[in-house]
Structures are given as structure tokens and as C-alpha cells.
Amino acid sequence: MSKNPNLKWLILTLLLVILLAIPGYSWMKKDNWARAQRQKSVLSPVIMVPGSSATTERFNQLVRQLNSKTATKHSVLKIKVSTKGTLSYSGAIDKDDNEPIIVVGFQNNHDGYSNIKKQAGWLDQAFYTLTQNYHFNNFKAFGHSNGGLIWTYWLEHYYSSYANEIKMKRLMTLGTPYNFSESNLKYRTQMLEDFIKNKNKLPKNLVVYSLSGGKSYESDGIVPEASVAAGKYIFQNQVKSYTAMTVTGSEADHSDLPQNEQVVRLIKQYLLEKKNKNLRPPRQANKKRQ
Amino acid sequence: MGGASVGLALIVIILLVRENKQNENIAKINLLPVVFNSNWGFMVGMPIILNPVLFLPFIIIPVVNVLLASAAIALHIIAPCVYPVLRGTPGILISFFGSNGNWVNLVFSILLFILDIVMLIPIGSLGQRIEKGLREREQKNE
């Protein structure tokens with residue numbers, strides 16, 4: 001029987017498959033382990049994004065007020081994203097803290113639609129790094145002023161690649177000008193038009209709270225109330241529930257809103273986990289019932 | 001796990017039992033794509049799609065594979081594949097990777113692959129006989 005030359009091709013491909021299967025096997029093991037860790041984890045951070053011209057130090061007093069009334073303190077991790085996309089960290093997440101606060105700030109924190117788009121991209125870089133370093137399968141989002149716009153843009157353009165494994169449970173925006181500084185809803189900015197055009201990309205199981213400050217009857221000093229109210233064209237009938245609230249009184253102007261007592265209470269009531277929530281990991285399937 | 005290895009089985013048979021030069025060339029070119037699970041070049045080139053001799057086995061054999069695999073899962077011989085597998089993973093390795101590296105799955109896939117080869121041998125020879133008959137009839141008509 002003559003030697004079959006095809007035999008050598010078959011053996012070569014077999015060797016090639018085995019050669020490629022070895023790194024494939026170790027990648028697969030690592031990826032499945034990370035997936036299992038993520039599903040088991042009870043970590044559920046709150047990720048906060050400040051507004052224009054604000055830094056990662058913006059929410060310091062807010063965190064202090066949140067921590068002053070509770071027994072378990074939230075630890076704070078601050079991430080600053082430079083214009084080149086490199087991350088610098090300060091602070092740390094405590095080992096036993098299941099609800100840490102992560103503040104993401106940007107070196108370029110200027111106003112304007114084009115900057116919002118860039119900032120959403122930087123937010124995504126920080127978010128991706130967070131998903132690689134910490135295992136969590138759900139989180140809450142908070143945005144003050146332009147931070148809410150950045151979250152909305154991120155939800156419409158970047159969230160879908162995470163949606164299978166990581167769920168955004170609640171989003172709270174504080175004084176977010178969905179129509180920038182335009183106080184007449186008949187004139188819609190380009191950003192508002194784009195948000196409305198892509199509103200079907202918003203997750204259907206998200207709970208959204210939009211807080212607005214009221215100093216005069218028209219605005220909170222900087223952002224017109226009509227602009228914050230424009231959020232209804234984006235979120236209403238798209239997400240699971242959309243609740244709009246107006247906060248007035250002392251410290252209800254735009255820059256003081258994060259320190260407002262009512263806002264702190266609303267964050268505690270709606271954004272953070274309830275006190276008696278069962279945060280234990282799900283029971284393993286093969287553990288015997290006792 | 002079902003249809004993943006039947007294309008490869010046919011290629012192996014064609015390459016080892018060298019009868020038809022044309023088929024052998026098609027099989028040689030398509031060897032690498034089919035190994036990594038892109039069967040379409042082979043299915044259009046053979047042709048398999050509307051070829052009554054080859055089309056039916058290409059449907060029946062994966063069904064048999066799936067039935068055997070589900071029986072094996074029900075009997076707890078092999079683990080079900082719940083983990084995501086990258087597109088382009090070789091057909092035989094899909095069930096191995098999908099069950100997070102369960103070696104019994106790998107052995108079972110290889111056994112199914114050998115079974116596919118055994119089931120395709122009579123069909124391959126039937127196909128060759130029909131083609132030879134068609135060619136003879138063409139020559140007679142000329």
C-alpha cells in the first residue's frame with residue numbers, strides 16, 4: 001500500500017489543534033472561574049460621577065453624611081481618568097464592604113456635548129477595569145449634573161457589552177440638564193435628540209430616579225427645571241420605572257445639591273441596599289439540605 | 001456537540017480513501033476551515049447542500065450524535081455544556097471546553113467522531129458508485 005501523502009496533512013492539523021488547545025484550555029479555565037466568582041459575589045458598588053468642572057473630591061461631604069448615620073461605613077475608591085485613558089486610584093475598598101462607593105472623575109471635566117461623549121468613553125474604560133479587578137454582578141449608578149448625562153450616554157452606547165453579566169439596578173441623576181441650559185422644551189438640543197433617538201437601547205429592567213433642585217420656580221440657579229424634566233422623554237415608558245422629584249429649601253441650588261439633607265436621605269432610601277436585605281451568596285446547588 | 005464533527009469526518013474519509021481527484025482537492029483546501037468549524041466552504045464546494053446522496057446523512061448523523069449525547073447526559077456519564085465557548089473552537093473541542101474541561105466529554109466527542117466516520121464510509125462509497133454511473137451514462141450519450 002503506497003504511503004498516503006494526505007496522512008501527513010491530517011497529522012499536521014491534529015498537532016496544530018492540540019498546540020492551540022493548550023493555551024485555549026487555560027484561558028477557558030480562567031474565564032469560567034472569573035464568571036463563577038462574579039455570579040457568586042455579593043459586592044454591589046455605587047458608582048458616582050460628578051458634574052462639569054468637578055473632581056473626584058466632589059462627593060466627600062456626601063459620603064461623610066451617608067456614613068454618619070449608619071453603623072457600616074461605605075469605603076470610597078476614587079478613580080481619575082486622564083485624557084489619555086490612564087487611571088489613577090486613591091482610597092481603597094474595604095475587605096468586608098459589600099457596598100463601596102466608587103467615584104470616577106475625569107481630567108477633562110469640561111462642559112459640552114462633545115466632551116460628554118469623550119467622558120462616557122473614559123467612564124467605560126474605568127468601568128471595564130473595575131469589572132476585571134472586582135467581581136460584581138450588579139451595581140447602582142449616581143450622577144450629579146453632567147454626571148447623569150455621562151451615565152445616560154454610557155447606557156445607550158457602552159452598557160450592552162456588559163448587560164449579560166452585570167446589571168445596573170438603579171440610576172439616580174441629580175440636577176442633570178438633559179436639554180443643557182435650554183429652558184423651553186420646544187427647542188431640543190442635539191444631545192437630547194440623540195438620547196431620545198437611542199432610548200430603546202436603555203435596559204428595560206432599570207429603575208431611574210431624576211432629582212431636580214428648585215431655587216427659583218424655574219431652575220436651581222444654573223439648570224432650568226424644564227431641562228431636568230426633559231428626562232421624561234428619554235426614560236419614561238422605556239425603563240422599568242422613572243420617578244422625578246423636586247427638592248427645594250436650603251441647599252437646593254445646583255452646587256449644593258449633593259450636600260442637601262433631603263438628597264442624602266433619598267440616596268439612602270432609594271439608591272442604597274435596604275438594611276434587612278439578604279446579602280448572603282446563593283446556596284450551592286449540590287449542598288445537601290439539612 | 002451535534003453537527004460539529006460530521007464535516008470533518010467526511011473530509012477525513014475523502015483524504016484517506018483517495019478515489020476522486022476533484023473531491024480530494026476540495027477536501028484538502030477545506031481541511032483547515034472545517035477543523036475550526038467553518039463548514040460552509042466545504043458544504044458548497046462538495047456539493048453537500050442539494051446533493052441527495054450527501055445531504056441526508058448530514059442531517060441524520062448530527063441528530064444521531066445529539067441523541068447519543070443527551071442519553072449520555074441523562075445517564076450522568078458526561079457533563080452538560082453550560083459554559084460559553086468561543087466561536088471557531090474546533091468541533092471536537094467544543095463540548096470539552098463547554099463543560100469547563102471535563103475529560104470524559106473529550107473522550108466522548110472523540111468516540112462520536114469515530115462513529116461519524118464509520119457511519120459515513122458506506123455513504124461515501126455509495127456516492128462514488130453513483131458518480132461513476134453518472135459519468136458512464138454521460139459518456140454513453142456522447
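The structure presented is a predicted model; accordingly, all values stated were derived computationally and were not measured.

1. A look at a nonpolar patch on the surface
Point 1. Side chains of Phe55, Leu56, Ile59, Ile60, Val63 and Leu67 of chain B sit close together on the surface and give an oily, nonpolar patch of about 550 Å² of accessible area.
Point 2. On the secondary structure map, Leu56 of chain B appears in helix α4 (residues 52-74).

2. What to know about the pattern of salt bridges
Side chains bearing opposite charge may pair, as long as their charged atoms lie close to each other.
Residues and elements named next belong to chain A.
Point 1. Applying the stated rule across the entire model yields five salt bridges over all chains.
Point 2. When the shortest N-O distance is used, the salt bridge between Glu99 and Lys140 registers 2.9 Å. Pair noted here: Glu99 is in the loop between β3 (87-91) and β4 (101-106) and Lys140 is in strand β5 (residues 138-144), with a separation of 41 residues, a long-range link.
Point 3. Here Glu99 falls in the buried class, since its relative accessible area comes to 10%.
Point 4. Here Lys140 falls in the buried class, since its relative accessible area comes to 0%.

3. Observations regarding the interface of chain A and chain B
Point 1. Contact with chain A, which involves 18 residues of that partner, is made by 20 residues of chain B.
Point 2. Taken together, the two surfaces of chain A and chain B that pack against each other cover about 1600 Å², and 73% of this comes from carbon and sulfur.
Point 3. Where chain A touches chain B, the interface holds zero salt bridges.
Point 4. Along the contact surface separating chain A from chain B lie zero residue pairs in polar contact (both at pLDDT 80 or more).
Point 5. In terms of residue class, the side of chain A that touches chain B is made up of 11 nonpolar, five polar and two charged.

4. Some remarks on the packing of aromatic side chains
All names here are of chain A.
Point 1. Within the structure shown, the criterion is met by 21 aromatic pairs over all chains.
Point 2. Ring plane angle 80° and centroid distance 6.5 Å describe the contact between Tyr113 and Tyr153, whose orientation is recorded as edge-to-face. Taken together, the residues Tyr113 in helix α3 (residues 113-133) and Tyr153 in helix α4 (residues 146-157) connect sequence positions 40 residues apart. Just as Tyr113 is buried, Tyr153 falls in that class too.
Point 3. What links up through ring pairs into an aromatic cluster is the set Phe127, Phe136, Phe139, Trp151, Trp154, Tyr159 and Tyr162.
Point 4. Above the face of the Tyr113 ring, Lys117 is positioned so that its terminal group lies 4.4 Å from the ring centre.

Rules behind the numbers
- Residues numbered from 1 in each chain as written.
- Chains lettered and ligands numbered in written order.
- Predicted model: local features only at pLDDT ≥ 70, side-chain atom pairs only at ≥ 80, totals over all residues.
- Heavy atoms only, no water.
- Patch = residues over 30% accessible without salt bridge, like charges linked within 9 Å, V, L, I, M, F, W, Y side chains within 5 Å.
- Areas by Shrake-Rupley, 256 points an atom, 1.4 Å probe, with all protein chains shown as cover.
- Salt bridge = Lys/Arg side-chain N within 4 Å of Asp/Glu carboxyl O.
- Helix = DSSP H or I, 4+ residues; strand = E, 2+ residues; numbered from the N terminus.
- Buried < 20%, exposed > 50% of the residue type's maximum accessible area, 1.4 Å probe, protein only.
- Contact = heavy atoms within 4.5 Å.
- Buried area = accessible area lost by both parts, 1.4 Å probe.
- Polar contact = N/O pair within 3.5 Å; in protein donor to acceptor, adjacent residues only side chain to side chain.
- Nonpolar A, V, L, I, M, F, W, Y, C, P; charged D, E, K, R; others polar.
- Phe/Tyr/Trp six-rings, centres within 6.5 Å; stacked < 30°, edge-to-face > 60°.
- Lys NZ or Arg CZ within 6 Å of the ring centre and 35° of its normal.

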